[in-house]
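Examining the three-dimensional arrangement
Take a look at the letters that make up each chain.
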Amino acid sequence: RKTSNETATTTTTTMKTKLTIDYDKMLAEIEQNNPDITKETTELTEKSVKKLVIQFERALNDNVEKRAKFSTKPEKFLDSEVDLDNAIKNLQSLASAPKLYHVLIDTKCVPSLLSVLAHENEDICVDILELFRELFDPDASNEGEEDENRQAFQLLNCLRENDGIKMFVDCLMDRFFSKPKKKNEREEREEKDDDLAGEETKRNAEETILQIVENAIEISGGTSEICEYFLNESNTRLKEYLLERVGKKQGTDGVKLQASELLSILTTGCDETVKKSMLLANDAFMDPIMMAIACYKKKEPQDSEEREIVENLADALCALLQTKKGQETFFNLEGLELMLMCVKSKLFVRGSALKILDFALTENELGCLKFIDAFGLKTIFSTFVGCFGGDEKKIKKIRKKYGNDYVDAECERTLSVIASLFQNIDISKNTDKYNRVVSKFVEDSFVKLDLLVESYVSYGKRVSKIELPNDENPPQDSED
């Protein structure tokens with residue numbers, strides 16, 4: 001990796017070579033051949049975009065030259081900095097015309113745009129990030145024709161070919177992401193006022209880069225291939241960043257929410273082969289996620305954003321538990337014991353813990369046996385009674401606090417966990433364990449069995465209320 005001085009020297013040498021181009025002459029020819037181009041119009045054309053690109057290239061070259069020449073005299077290159085800032089912001093208008101993205105590729109402007117990520121002025125760097133965020137906004141391309149969607153995808157491929165994604169993540173890790181560190185009271189007091197504006201800029205930059213990644217995934221269709229690309233450490237350091245950003249040492253903010261959501265998208269989007277090849281279902285990847293969830297076994301999320309973080313982390317873990325290796329790692333890391341504690345806590349995290357247990361026990365006989373050995377039967381059947389035979393006032397209070405969907409999902413996950421115990425345990429080999437599950441329905445004068453029958457009838461009524469589109473000709477398709 002080149003040092004900043006080497007990069008600046010290389011860039012300066014390259015730019016000096018490009019300075020032989022007469023940009024003023026090129027702009028004059030474009031304006032002469034297209035007189036309407038100087039008029040304010042609401043619709044961009046290929047010629048007007050080329051003009052914007054030339055203006056950007058000229059402003060970049062001028063700024064690089066003056067920064068190298070007057071490195072100790074900022075006032076000498078201040079005007080060129082303003083011109084570069086304006087040139088980048090003018091290019092943002094291109095986001096309204098995705099059909100013209102090919103101009104950036106044809107003019108070989110993408111490498112020049114990416115080079116600005118190393119600019120010493122953070123505001124200039126943030127401008128470039130904002131530009132790419134808008135260019136890859138899926139809403140803009142989806143509103144247009146198929147050609148516009150294709151051009152957005154082609155621009156993304158051009159970015160990948162020029163190591164643009166890697167440069168974005170490197171910029172995120174090396175420039176804008178600050179790992180938490182312990183400071184004494186004096187240091188905190190001295191840095192508090194000075195760092196407020198700087199920290200806000202860094203958080204905004206983090207959000208912008210994460211949004212670029214999320215937009216790129218959506219433009220690519222969320223395929224397993226693109227998810228693998230982002231998680232592959234030989235391509236980007238995104239996996240390292242996400243695990244660090246959602247960690248328990250990080251404060252709760254919008255960036256942590258965005259990071260948890262992206263982590264969920266990437267792990268869910270990968271197929272089983274990718275999860276194995278990328279070593280996602282291992283201690284190094286799963287342990288930080290579990291530790292982040294563990295923070296909530298003794299405290300409630302403060303707001304809806306923090307609740308969403310918990311749910312995103314649970315979704316990421318559940319995606320890994322769909323593999324045998326993921327289930328094995330989960331139990332080795334004592335994830336079973338952690339989730340049982342979360343269920344007992346009766347806090348918001350209980351719903352996510354039940355979901356994780358459901359995935360961990362699916363088609364996993366060894367996991368079901370460990371669940372019984374860890375005294376999980378007492379916990380899960382206590383939850384079962386609370387869901388289907390608990391105090392109505394308490395249930396209404398929970399529904400009001402967390403919502404109806406939360407309570408319904410909790411009931412369904414509880415039933416699913418119990419069903420997995422019956423389905424997966426081989427009665428011929430583990431008769432004692434199987435009978436321990438059955439005995440739970442026998443104790444206390446078959447109270448739990450009565451609740452099970454009542455729940456079956458209740459769910460049956462809900463299913464019967466679903467009306468077919470046409471009673472005389474019911475649909476043959478299984479999905480319908």
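Below you will find a few notes about this structure.

Structural notes on the overall build of the chain
Assigned secondary structure in the chain consists of 25 helices and zero strands. Counting the 480 residues in the chain, one finds 42% classified as buried. When contacts within the chain are restricted to residue pairs at least 6 apart in sequence, those whose partners lie at least 24 apart make up 76%. With the model as given, the accessible surface of the chain reaches about 26200 Å², and the carbon-plus-sulfur share is 48%.

Here we look at the side chain of Gln258
Within the element layout of this structure, Gln258 appears in helix α14 (residues 254-269). When its relative accessible area of 10% is taken as the criterion, Gln258 is described as buried. A polar side-chain atom of Gln258 sits 3.4 Å from a polar atom in the side chain of Gln211. Those residues in contact with Gln258, other than ones at most four positions away along the chain, are Glu207, Leu210, Gln211 and Glu214.

Let's talk about a negative patch on the surface
On the surface, Asp303, Glu305, Glu308 and Glu311 cluster together into a negatively charged patch. Within the fold, Asp303 resides in the loop between α16 (283-294) and α17 (304-320).

Focus: the packing of aromatic side chains
Tallied over the entire structure, the rule returns 15 aromatic pairs. On the basis of an interplanar angle of 80° and a centroid distance of 5.1 Å, the ring pair of Phe177 and Tyr241 is categorised as edge-to-face. Of this pair, Phe177 sits in the loop between α10 (164-176) and α11 (185-219) while Tyr241 sits in helix α13 (residues 238-245), placing them 64 residues apart in sequence. The same class applies to Phe177 and to Tyr241, which are both buried. Each ring, one from Phe330 and one from Phe331, has its centre 5.4 Å from the other, and the planes form 85°; the classification is edge-to-face.

Focus: the packing of helix α24 (residues 404-424) against helix α25 (residues 431-464)
Each pair of packed helices gets described by two things: the angle between the helix axes and the distance between those axes. The interhelical angle for the contact between α24 and α25, taken along N-to-C directions, is 130°, at an axis separation of 12 Å. Here α25 runs oblique to α24, going by the angle between their axes. Once α24 is placed against α25, the crossing between them reads as left-handed. Between α24 and α25, the contacting residues are Cys411, Glu412, Leu415, Ile418, Leu421 and Phe422 on the first element and Tyr434, Val437, Val438, Phe441, Leu452, Tyr459 and Arg462 on the second.

Re the environment of Glu240
Locating Glu240 in the fold gives a position in helix α13. Here Glu240 falls in the partly exposed class, since its relative accessible area comes to 40%. Separated by 67 residues in sequence, Glu240 and Met173 place their C-alpha atoms 9.1 Å apart.

Overview of the packing of α16 against helix α18 (residues 324-332)
Remark: α16 packs on α18, axes separated minimally by 10 Å, with the N-to-C direction vectors making an angle of 60°. Classified by the angle between their axes, α16 and α18 sit oblique to one another. The way α16 lies across α18 gives a crossing that is right-handed. Residues Asp283, Met286 and Met290 of α16 form the contact with α18, whose own contacting residues are Gly326, Thr329 and Phe330.

Structural notes on the state of the cysteines
All told, the structure shown has zero disulfides when counted by the stated rule. The thiol of Cys158 is unpaired, and the distance to the nearest cysteine sulfur, on Cys109, comes to 9.7 Å. By relative accessible area, Cys158 is classed as buried at 11%. With no disulfide of its own, Cys411 lies 3.7 Å from the sulfur of Cys387, the closest cysteine sulfur.

Some details on the pattern of salt bridges
Applying the stated criterion across every chain, the model contains 23 salt bridges. A salt bridge links Asp358 to Arg413; its shortest N-O distance comes to 2.8 Å. You can see Asp358 sitting in helix α20 (residues 349-361) and its partner Arg413 sitting in helix α24, a full 55 residues away along the chain. A relative accessible area of 6% places Asp358 in the buried class.

Regarding the environment of Lys346
Along the chain, Lys346 falls in the loop between α19 (335-345) and α20. With relative accessibility at 61%, the residue Lys346 sits in the exposed group. Linking Lys346 and Glu300, residues 46 residues apart in sequence, is a C-alpha distance of 9.9 Å.

Cut-offs applied
- Residues numbered from 1 in each chain as written.
- Predicted model: local features only at pLDDT ≥ 70, side-chain atom pairs only at ≥ 80, totals over all residues.
- Heavy atoms only, no water.
- Helix = DSSP H or I, 4+ residues; strand = E, 2+ residues; numbered from the N terminus.
- Buried < 20%, exposed > 50% of the residue type's maximum accessible area, 1.4 Å probe, protein only.
- Contact = heavy atoms within 4.5 Å.
- Areas by Shrake-Rupley, 256 points an atom, 1.4 Å probe, with all protein chains shown as cover.
- Polar contact = N/O pair within 3.5 Å; in protein donor to acceptor, adjacent residues only side chain to side chain.
- Patch = residues over 30% accessible without salt bridge, like charges linked within 9 Å, V, L, I, M, F, W, Y side chains within 5 Å.
- Salt bridge = Lys/Arg side-chain N within 4 Å of Asp/Glu carboxyl O.
- Lys, Arg positive; Asp, Glu negative; His and termini not counted.
- Charge placed at Lys NZ, Arg CZ, Asp CG, Glu CD.
- Phe/Tyr/Trp six-rings, centres within 6.5 Å; stacked < 30°, edge-to-face > 60°.
- Axes fitted to C-alpha atoms, helices over the stretch in contact; angles between N-to-C directions.
- Parallel < 35°, antiparallel > 145°, perpendicular 65-115°, else oblique.
- Left-handed = near helix turned anticlockwise from the far one by under 90°.
- Disulfide = S-S within 2.5 Å.

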